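Geometric and topological summary
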Amino acid sequence: DVKVTQSSRYLVKRTGEKVFLECVQDMDHENMFWYRQDPGLGLRLIYFSYDVKMKEKGDIPEGYSVSREKKERFSLILESASTNQTSMYLCASTLGGYVTGELFFGEGSRLTVL
Amino acid sequence: SQKIEQNSEALNIQEGKTATLTCNYTNYSPAYLQWYRQDPGRGPVFLLLIRENEKEKRKERLKVTFDTTLKQSLFHITASQPADSATYLCALPYSSASKIIFGSGTRLSIRP
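Our subject in this report is the structure included herewith. (Residues numbered from 1 in each chain as written. Chains lettered and ligands numbered in written order. Predicted model: local features only at pLDDT ≥ 70, side-chain atom pairs only at ≥ 80, totals over all residues. Heavy atoms only, no water.)

1. Overview of the interface of chain A and chain B
Filter applied, for reference: Here a residue-residue contact requires only that any non-hydrogen atoms of the pair lie within 4.5 Å. Once two parts are brought into contact, the accessible area they lose, counted with a 1.4 Å probe and summed over both, makes up the buried area. Salt bridges are defined by distance alone: a side-chain nitrogen of Lys or Arg within 4 Å of a carboxyl oxygen of Asp or Glu.
Taken together, the contact between chain A and chain B spans 25 residues of the former and 22 residues of the latter. Across the interface of chain A and chain B, roughly 1,900 Å² is buried in total on both sides, 56% from carbon and sulfur atoms. Viewed at the interface, chain B and chain A are joined by 1 salt bridge. For Arg42(B), the salt bridge identified is with Glu107(A), shortest N-O distance 2.6 Å.

Here's what the structure looks like:
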């Protein structure tokens, strides 16, 4: 069974802390994505990666960075967490090439920044 | 920039009726459009993909249409059931094959 695993379902952090959200997929997918989801705003794309060490900014990259050192792992980093980064974070993956296949999502990581 | 609008934040209908959800987009001509279902506290799950050269796609009680002139997709659930209650999201590729963006979703409630 295909799987996207996010390291933490719930996190509570303090303002200014560095936060790492990890995502691992076991499907050998080229493309991986980080979204955040907020009520009324839907899923907004933060960053995506189409290959190891390759990344592109999404619509809301400010305050975030990403790392893709291995094909199966895509990390989202909040260098200095702020309260407006309290949100549900969703990781997804899909096959490469001209993407027409489905996105597979993890269960999400709910981050609260105090 | 690309914008995706889903017609309403919430839709409430009677069991057995057909639910129709709308997805409108601007400023781009995507090669395909996808629909996802999301249950509370879970990640979205893929339902259907429709390509720009397809007018209609069906899967069991689901039907999707794609009108590239109107820049609109309609998502229908026929013979709706309470178990169909969820948030439904449309998604499409924007500016590059790998960048997938989503609408804000429509929360569908089916009452018995």
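From this point, things continue past the structure.
2. A closer look at the layout of surface pockets
Basically, it comes down to this: A cavity, in this analysis, means grid points on a 1 Å lattice covering only the protein atoms where a 1.4 Å probe fits yet has no way out; a pocket is instead an open set bounded by protein on both sides within 12 Å along at least five of seven lines, and a residue lines either one if it has an atom within 4 Å of a point. Grid points are joined across faces, edges and corners, and a volume is the space filled by probe spheres set on the points. Numbering goes from the N terminus for both helices and strands, where a helix is a DSSP run of H or I of at least four residues and a strand is a run of E of at least two. Just so you know the grouping, Ala, Val, Leu, Ile, Met, Phe, Trp, Tyr, Cys and Pro go in nonpolar, Asp, Glu, Lys and Arg go in charged, and all remaining residues, Gly too, go in polar.
Considering only enclosed or pocket space, the largest pocket measures out at about 550 Å³ in volume. Along the walls of the largest pocket sit 23 residues, with Gln37(A), Asp38(A), Pro39(A), Gln38(B) and Thr87(B) positioned nearest its centre. If you list the elements that add at least two residues to the lining of the largest pocket, you get strand 4 (31-38) and strand 9 (87-94) of chain A together with strand 9 (86-93) and strand 11 (106-111) of chain B. Tallied by class, residues from the lining of the largest pocket come to 4 nonpolar, 13 polar and 6 charged.

3. Concerning the sheet that holds strand 8 (residues 72-77) of chain B
Strand pairs in the sheet, formed through backbone hydrogen bonds, run parallel or antiparallel to each other. All names here are of chain B. Operational definition: Strand pairing is assigned whenever DSSP detects at least two bridges linking the two strands. Note on definitions: angles span 0 to 180 degrees between N-to-C directions of axes, and those axes are lines fitted to C-alpha atoms, for helices only across the stretch in contact.
Judged by pairing direction, the sheet is antiparallel, and its 5 strands sit side by side in the order 1-3-8-7-6 without closing on themselves. The strands lining the two open edges of the sheet, one partner per strand, are strand 1 (3-6) and strand 6 (56-59). Each strand of the sheet is rotated relative to its neighbour by a mean of 15°, with strand direction disregarded. As paired elements, strand 1 and strand 3 (residues 19-26) share 4 bridges and run antiparallel to each other. Across the sheet, the residue bridging to isoleucine 4 is tyrosine 25, located in strand 3.

4. Concerning the environment of Gln6(A)
Residue and element names in this part refer to chain A. As a reminder of what qualifies: Any pair of N or O atoms that falls within 3.5 Å is considered a polar contact. Within protein, one atom must be able to donate a hydrogen and the other to accept it, and sequence-neighbouring residues count only if both atoms are side-chain atoms.
By secondary structure assignment, the location of glutamine 6 is in strand 1 (residues 4-6). Each C-alpha atom of the pair glutamine 6 and isoleucine 46 lies 16 Å from the other, and the pair is 40 residues apart in sequence. Setting aside chain neighbours within four positions, we find glutamine 6 in contact with Glu22, Trp34, Tyr89, Leu90, Cys91, Gly106, Glu107, Gly108 and Ser109. Polar side-chain contacts of glutamine 6 include one of 3.0 Å to the backbone nitrogen of cysteine 91. A polar contact of 3.1 Å, which involves the side chain of glutamine 6, links it to the backbone nitrogen of glycine 108.

5. Quick look at the sheet that holds strand 8 (residues 73-78) of chain A
All names here are of chain A. Taken in spatial order, the 4 strands line up as 1-3-8-7 in an open sheet, and their pairing is antiparallel. Strands with a single pairing partner mark the edges of an open sheet, and in this sheet they are strand 1 and strand 7 (65-70). Put simply, the sheet's adjacent strands are angled 20° from each other on average, direction ignored. Bridge analysis of strand 3 (residues 19-25) against strand 8 gives 6 bridges, and the strand direction is antiparallel. Residue pairing in the sheet places phenylalanine 20 in a bridge with isoleucine 77 of strand 8.

6. Details of the environment of Val4(A)
Residues and elements named next belong to chain A. Worth spelling out the cut-off: Throughout this description, buried means an accessible area under 20% of the type-specific maximum (1.4 Å probe, protein chains only), exposed means over 50%, and partly exposed covers the range between.
With respect to the helices and strands, the residue valine 4 is situated in strand 1. The class of valine 4 is buried, set by a relative accessible area of 9%. For the pair valine 4 and leucine 41, spaced 37 residues apart in sequence, the C-alpha separation works out to 23 Å. If we skip the residues at most four places from it in the chain, valine 4 touches Cys23, Val24, Gln25, Met27, Cys91, Ser93, Phe104, Phe105 and Gly106.

7. Here we look at the nonpolar core
Stated formally: The term nonpolar core refers to a set of buried residues drawn from Ala, Val, Leu, Ile, Met, Phe, Trp, Tyr and Cys, joined through side-chain atoms within 4.5 Å.
Of all hydrophobic cores here, the largest spans 24 residues; its most connected members are Leu33(B), Trp35(B), Phe75(B), Ile77(B), Tyr88(B) and Leu108(B). Of all the secondary structure elements, the ones that give two or more residues to this core are strand 3, strand 4 (32-38), strand 5 (45-51), strand 7 (62-67), strand 8, strand 9 and strand 11 of chain B. With residues near it in sequence (within four places) discarded, Phe75(B) still touches Ala19(B), Thr20(B), Leu21(B), Trp35(B), Leu47(B), Leu62(B), Lys63(B), Val64(B) and Tyr88(B). By size, the runner-up hydrophobic cluster in this structure holds 21 residues, among which are Cys23(A), Leu78(A), Ala81(A) and Tyr89(A).

8. Side note on unusual backbone geometry
The phi torsion at Lys53(A) lies on the positive side, around 65°, for a residue other than glycine. With respect to the helices and strands, the residue Lys53(A) is situated in the loop between strand 5 (42-51) and strand 6 (54-57). Positive phi values are uncommon outside glycine, yet Lys71(B) reaches one of about 55°. One can find Lys71(B) in the loop between strand 7 and strand 8.

Purely geometric numbers; function is a separate question.
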